[in-house]
Amino acid sequence: MGWGIELWDQYENLATHTQKGIDFLDRYGNFIRDRSAIEVEYAGKLRRLVKNYQPKKSKEDEENEFSSFQAFKCVLKEVADLAGQREVVAENLQLQVLQGISLLAKNLRDERKKSLNDGALRTQNLTSQIAALERAKRNYEKAFREAEKSIESYQKADADLNLSRAEVEKQRNNMNIRCGQSEDAKNEYANQLQKTNKLQQTHFETSLPEVFNRLQELDEKRTRGLKEFIKGAADVESAVAPIIARCLEGMVKAADAINEKEDSLKVIEKYQSGFQPPGDLPFEDLSKADSDTSNNSQNYTSTSGLNHLTAKGTTTNKLKKRVGLFGIFASNKNNLSTDGMKEDFSDLPPTQRRKKLQQKVQELQQKVAQEQAASEGLMKMKGVYEANSLLGDPRSVEDQLNESVNKLDKLRMELQRYQKLLDQANSQTIVQHSPQANRVIHNGQRSSRHSNGSNHDHHHDDHGDDHPDHDAGSLSSSSASPESGLGTSHTSLPGSGQGSTNDQPINDEMYFEAEALPPLGTCKALYPFDATSEGSIPMSEGEELLVIELDQGDGWTRVRRLCGPNGWEEGFVPTSYIESTLYA
């Protein structure tokens, strides 16, 4: 069944229908264009998302990567691959589908226009022929009526006896002329009718069906093309589906690789200090204390009490110089490595120090092996040159060989030094208390030393420098630990308590007259903290405090709050809970 036979009289409706079909094809093309734009935008947003959440590379993260962290990096990589596949989808939709739609729509418009023009021309020819037939019919009708009138006039004249023979003959001649004209008009009308019928038959049976069949083929071509384009768009999506599936499988595989137990062990390995928990505090029976103990206690209380702010906000206690802190900006700066730590890592906790020393030994061993291989290569080259002077001058490699030997000797000496440090660190028996307890104990020793003038407990390391842990502990614990009287006598004046350090002999080379600990900077609490140990103070999230003592490697920072119950308050908070900004 075709349009030419079934829809022979629906020219206008077929023209409208084909135009709507082409418009629908254009609409689907706009849909593909907008979808491609969305795919490109989606891919771009995915890439920006990956970039925003891409972890920054750092040496610490490379050395201690947790399985969850590695899984997240893998997920980011897979998401980036997904973004790439969305870009492939957008590109193929534009190249394989959208361009085909545009080309087909253009061809359909041209074919439709040509077919409609042909149909209009043939319809116009038939209309013209029908108009000619109508004119011939009207002429025939007019001539026929005039012939009838002429016959009637002749009959009347012939019956009238009063008319002359000439007048009757005139009427007869007029009748013959009119009858001839009528017959000619009749013949013309018959010819035009025959021609019109033939043209009309050809028009409705051949010409117009041919035009309508072309329109039908055009519309079917448009429908078939839309079918192929929809399947093509689906094929574009299906082509990347296996890759997307592999990306999703990679995400699942990354998630399966997460091992919470291994991460917990890595946390222990990363943060274990090697310190022992603090021991039991001794009971002080004040009722049985003798006079000597009373004096020592009095001096200790006086010494501790003077380590707080006076009414003018200053202190008169003799504080030991902090080699661990101020030495960073003084003579010890040459002993620091590029990452801010000492070369022998003595500023780290025992476990972390051993770990750093092991890494340093392994690094030096690799350098020694590489330099030794390079030196052996230069030796072989020199031997070849000596055996055959045509290959080269042996003296050309002597300078390189000497330089390599000197560098190898230095590396071996450095390796020997770090191996010795590692052996010492491994052989040491770690019997230490927690950082806060360490600071309190050393403070007590130095307080008693203040009272008797002795300084025999001054510690040195292998290089003759003060241990930063001990020095920092002595300075920080004087006002950080509860034993020192923190929060009990913030406004006591020197000499107004139970004693004064002015009467005690003090080594001026080891101590100096100091103001209250000046703030080193400010810090902001990242998380809330409840003080559960001695010497620590609570803080709320977002609270701003003053930093008065840096972290000495024990994970605690000493801070000061200016709005405490008595006007100010000092204590320790976890370093990982704050974000510090030091003064320049």
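The structure displayed is predicted, hence computed values, not measured ones. (Residues numbered from 1 in each chain as written. Predicted model: local features only at pLDDT ≥ 70, side-chain atom pairs only at ≥ 80, totals over all residues. Heavy atoms only, no water.)

A. Spatial organisation of the overall build of the protein chain. Secondary structure assignment for the protein chain yields 12 helices and seven strands. The 584 residues of the protein chain split such that 37% are buried. Residue pairs at least 24 apart in sequence account for 76% of intrachain contacts in the protein chain once pairs closer than 6 positions are excluded. Only carbon and sulfur atoms are counted for the fraction: they give 52% of the accessible area of the protein chain, which is about 35,600 Å². (Helix = DSSP H or I, 4+ residues; strand = E, 2+ residues; numbered from the N terminus. Buried < 20%, exposed > 50% of the residue type's maximum accessible area, 1.4 Å probe, protein only. Contact = heavy atoms within 4.5 Å. Areas by Shrake-Rupley, 256 points an atom, 1.4 Å probe, with all protein chains shown as cover.)

B. Inspection of the packing of aromatic side chains at higher detail. In the structure shown here, the tally under the stated rule is seven aromatic pairs. Sitting over the face of the ring of Tyr418, Arg417 holds its NZ or CZ atom 4.8 Å from the ring centroid. (Phe/Tyr/Trp six-rings, centres within 6.5 Å; stacked < 30°, edge-to-face > 60°. Lys NZ or Arg CZ within 6 Å of the ring centre and 35° of its normal.)

C. Broad picture of the sheet that holds strand E6 (residues 569–574). The five strands are arranged E6-E5-E4-E3-E7 in an open sheet whose pairing can be described as antiparallel. Strand pairing shows two members of the sheet lacking a second neighbour, E6 and strand E7 (578–582), which therefore form its edges. On average, adjacent strands in this sheet sit at an angle of 40° to one another, irrespective of strand direction. In terms of strand pairing, strand E3 (residues 521–525) meets strand E4 (residues 544–549) through four bridges, oriented antiparallel. Paired with Gly521 across the bridge in E4 is Val547. (Pairing = 2+ DSSP bridges. Axes fitted to C-alpha atoms, helices over the stretch in contact; angles between N-to-C directions.)

D. Molecular detail of the side chain of Arg112. Within the element layout of this structure, Arg112 appears in helix H4 (residues 67–159). Within the buried core, Arg112 has no salt-bridge partner, and the shortest N-O distance to an opposite charge, that of Glu12, equals 8.0 Å. Not counting chain neighbours up to four residues away, the residues in contact with Arg112 comprise Ala15, Thr16, Thr18, Gln19, Ile22, Leu215 and Leu218. (Lys, Arg positive; Asp, Glu negative; His and termini not counted. Salt bridge = Lys/Arg side-chain N within 4 Å of Asp/Glu carboxyl O.)

E. Representation of the nonpolar core in the model. Ranked by internal contacts, the top residues of the largest apolar core, which has 28 residues, are Leu25, Tyr28, Ile32, Leu93, Val97, Ile101 and Phe229. Among the elements that line this core, the one with the most residues is H4, at 12 residues. The residues touching Leu25, leaving out its near neighbours within four places in the chain, are Ile101, Leu104, Ala105, Leu108, Arg222, Leu226 and Phe229. Counting 13 residues, the second-largest nonpolar core is a separate cluster that includes Leu348, Val361, Leu415 and Ala425. (Core = buried A, V, L, I, M, F, W, Y, C linked by side-chain atoms within 4.5 Å.)

F. Looking closely at a nonpolar patch on the surface. On the surface, Leu49, Tyr53 and Phe72 cluster together into a nonpolar patch covering about 300 Å² of accessible area. You can see Leu49 is positioned in helix H2 (residues 11–53). By relative accessible area, Leu49 is classed as partly exposed at 40%. (Patch = residues over 30% accessible without salt bridge, like charges linked within 9 Å, V, L, I, M, F, W, Y side chains within 5 Å.)

G. Focus on the packing of helix H9 (residues 350–387) against helix H10 (residues 398–427). Where H9 meets H10, the closest approach of the two axes is 8 Å, and the angle between their N-to-C directions is 160°. Considered as vectors, H9 and H10 are oriented roughly antiparallel to each other. As for how H9 packs across H10, the hand of that crossing is left-handed. When the residues that make up the contact of H9 with H10 are grouped by side-chain class, the tally is 15 nonpolar, eight polar and 10 charged. (Parallel < 35°, antiparallel > 145°, perpendicular 65-115°, else oblique. Left-handed = near helix turned anticlockwise from the far one by under 90°. Nonpolar A, V, L, I, M, F, W, Y, C, P; charged D, E, K, R; others polar.)

H. Focus on the pattern of salt bridges. Evaluation of the coordinates by the stated rule reveals 24 salt bridges. The shortest N-O distance in the salt bridge between Glu41 and Lys45 comes to 3.4 Å. Note that Glu41 and Lys45 are positioned in helix H2 at a spacing of four residues, about one turn of the helix. The partly exposed category is assigned to Lys45, whose relative accessible area is 46%. One salt bridge connects Glu549 with Arg558, and the closest N-O pair in it is separated by 3.6 Å. With relative accessibility at 0%, the residue Glu549 sits in the buried group. Taken together, the shared-partner salt bridges connect Arg35, Glu39, Arg86 and Glu237 into one network.

I. Region of interest: the state of the cysteines. Under the criterion given, the structure shown has zero disulfides. Cysteine Cys247 is unpaired, with the sulfur of Cys74 as its nearest cysteine sulfur at 9.6 Å. (Disulfide = S-S within 2.5 Å.)

J. Representation of the environment of Asn176 within the structure. The topology assignment puts Asn176 in helix H5 (residues 165–256). Of the residues examined, Asn176 reaches a relative accessible area of 43% and is grouped as partly exposed. Residues Asn176 and Ser150, spaced 26 residues apart in sequence, show a C-alpha to C-alpha distance of 8.2 Å.

K. Looking closely at the pairing of strand E5 (residues 556–561). Across the six residues of E5, six count as buried, placing the element largely inside the fold. The alternating pattern of E5 places Trp556, Arg558 and Arg560 on one face and Thr557, Val559 and Arg561 on the opposite face, and all of these are buried. Relative to E5, E4 runs antiparallel, the two sharing three bridges. Directly across from Leu546, in E5, lies its bridge partner Arg560. In this structure, the hairpin formed by E4 and E5 is closed by a connection of six residues, where Gly553 is found at a positive phi of approximately 100°. Two strands pair when backbone bridges link them, and E5 and E6 are joined in this way by six bridges, in the antiparallel orientation.

L. Structural view of the environment of Glu78. Assignment of secondary structure puts Glu78 in helix H4. Its relative accessible area of 10% is what places Glu78 among the buried residues. Sequence-distant contacts of Glu78, that is, excluding residues within four places in its chain, are made with Arg246, Cys247, Gly250 and Met251.

Purely geometric numbers; function is a separate question.
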